[in-house]
Amino acid sequence: MLDLLTPVTESQSYNNFSMKEKTPVTKINLRGNLENKDFASKIEKILGMVLPKEACSTSNNEKITSLWLGPNEWLLVSNNEEPKETNTYELEQVLFDNISKANLGAITNVTDHFTIFKLSGSNIFEVLSKGCPFDFSSEDFEHNKVVQTILNHVDVTIHRKNENDVDLYVRRSFAAYLWDWLKDSANLI
Amino acid sequence: MFIIKCPYCGDRDHSEFSYGGEAHKVRPKQPAELSDEQWAEYLFIRKNIKGLQYERWNHAHGCRRWFNMSRDTSNDKIRSVYKMGEKPKE
């Protein structure tokens, strides 16, 4: 069992912008071909939802949200935080047995690979725009959209859950650096 | 700074992409039968065109997919973007 160490332990709030780390949350990377009917129907049955096919879109049910990462790649995220003591993930095992073992696709547990910053407030995109080439005012970027881009030279995945509610996925080893950058930028708004 | 239209994600800034060299270079079927010169030609020699060039690009900081692009190297105007395995439209 992994001894969970969070890279960021504080939470911060500024002028209409606050951030805190959200951990641990199950994250599973899924690769597969949606045009393969076997794969599509099995996934639909296991997850209880259809995987998003359209670029940068998401789909969700009570337990899981699936984020589009590419035409054959998704990130499955649990909606709730997991108890800190456990490091076994039921969903991973079910998917592994049904998808990986049947050679339909690939399952990778990336729970400890990414950490999530939960950002909220009306100034989120004011802060993010300081280091990101993506146009957040674009009409395509509404609620429940997900975008992979760079934020101050760091690869990030930005999931817009609501108007003023964003989950920012960043690699664990970059988390402390990005956190400091966010603090700096937030100070200026 | 210019905008590239990824065939999967749509319009994105060029800083999310990385360049992958000349496109449509076909690997010789029987490398062992080639002379050193012919092999070196395949491995190292690339066109360096001023004008319309066919290139491979990777959306490295986005969806991580490879695709092809035809671009005018003299003014960075992008003529077309198409998926791997496809032929350029014009």
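Source: prediction; values computed, not measured.

A short note on the overall build of chain A
Helix and strand counts for chain A come out as 4 helices and 11 strands. Taken over the C-alpha atoms alone, chain A extends approximately 50 × 40 × 30 Å along its principal axes. Looking at the 189 residues of chain A, the share that counts as buried comes to 32%. Counting only contacts in chain A whose residues sit at least 6 apart along the sequence, the fraction spanning at least 24 positions is 57%.

Focus on the overall build of chain B
Scanning chain B from terminus to terminus reveals 1 helix and 6 strands. For chain B, the α and β elements follow one another from N to C terminus as β-β-β-α-β-β-β. Seen along its three principal axes, the alpha-carbon backbone of chain B occupies a region of about 45 × 25 × 25 Å. Within chain B, the fraction of its 90 residues that count as buried is 16%.

What to know about the nonpolar core
Proteins that are soluble and globular tend to have nonpolar side chains buried together. Ranked by internal contacts, the top residues of the largest apolar core, which has 50 residues, are A:Leu67, A:Trp68, A:Trp74, A:Ile124, A:Leu168 and A:Val170. Setting aside residues no more than four positions away along its own chain, A:Trp68 makes contact with A:Pro52, A:Ala55, A:Cys56, A:Ser57, A:Thr58, A:Trp74 and A:Val146.

Let's talk about the interface of chain B and chain A
Opposite the 11 residues of chain B that make contact, chain A presents 11 residues. Its residues assigned to classes, the side of chain B that touches chain A shows 3 nonpolar, 4 polar and 4 charged.

A few points about unusual backbone geometry
Peptide bonds are, in most cases, trans, and in most cases residues other than glycine have a negative phi. With a phi close to 60°, A:Asn144 is a non-glycine residue in the positive phi region. A:Asn144 gets classed as partly exposed once you count the C-beta atoms within 10 Å, which come to 16.

Section: the sheet that holds strand β3 (residues 18–22) of chain B
All names here are of chain B. Spatially, β3-β4-β5-β6 is the arrangement adopted by the 4 strands of the open sheet, whose pairing is antiparallel. With one partner strand each, in any of the chains shown, β3 and β6 (77–83) form the two edges of the open sheet. Direction aside, the axes of adjacent strands within the sheet are offset by 35° on average. Relative to strand β4 (residues 52–58), β3 runs antiparallel, the two sharing 3 bridges.

Here we look at the pairing of β6(B)
Sheet faces and side chains relate simply in a regular strand, where the side chains alternate between the two faces. All names here are of chain B. Bridge analysis of strand β5 (residues 66–72) against β6 gives 6 bridges, and the strand direction is antiparallel. Counterpart to Asp72 in the pairing with β6 is Lys77. Hairpin connection of β5 to β6: 4 residues between the antiparallel strands, including Asp76 at a positive phi of 60°.

Things to note about the sheet that holds strand β2 (residues 17–22) of chain A
All names here are of chain A. Strand order in the open sheet made by the 6 strands is β1-β2-β8-β11-β10-β9, with antiparallel pairing throughout. Each end of this open sheet is capped by a strand with a single partner; those strands are β1 (12–14) and β9 (145–151). In this sheet, neighbouring strand axes are inclined to one another by 25° on average, regardless of whether the strands run parallel or antiparallel. As paired strands, strand β10 (residues 154–162) and strand β11 (residues 165–171) are joined by 6 bridges and run antiparallel to one another. Directly across from Asn162, in β11, lies its bridge partner Asp165. Of the strands in this sheet, β1, β2, β8 (114–120), β9, β10 and β11 are in contact with helix α4 (residues 172–187), which crosses β11 at around 135°.

Some remarks on the confidence of the model for chain B
Per-residue pLDDT for chain B has a mean of 92; in total, 98% of the residues score no lower than 70. With a pTM of 0.90, the predicted complex shows an ipTM of 0.85.

Some words on α4(A)
Between its terminal C-alpha atoms α4(A) stretches 23 Å, which fits the 22 Å expected from 16 residues at 1.5 Å a residue. Among the residues of α4(A), those classed as buried are A:Ala175, A:Leu178, A:Leu182 and A:Ala186.

Each value, and the rule that gives it
- Residues numbered from 1 in each chain as written.
- Chains lettered and ligands numbered in written order.
- Predicted model: local features only at pLDDT ≥ 70, side-chain atom pairs only at ≥ 80, totals over all residues.
- Helix = DSSP H or I, 4+ residues; strand = E, 2+ residues; numbered from the N terminus.
- Buried ≥ 20, exposed ≤ 12 C-beta atoms within 10 Å, placed from the backbone.
- Contact = placed C-beta atoms within 7 Å.
- Core = buried A, V, L, I, M, F, W, Y, C linked by C-beta atoms within 7 Å.
- Nonpolar A, V, L, I, M, F, W, Y, C, P; charged D, E, K, R; others polar.
- Pairing = 2+ DSSP bridges.
- Axes fitted to C-alpha atoms, helices over the stretch in contact; angles between N-to-C directions.
- pLDDT = per-residue confidence, 0-100.
- Expected span 1.5 Å × (residues − 1).

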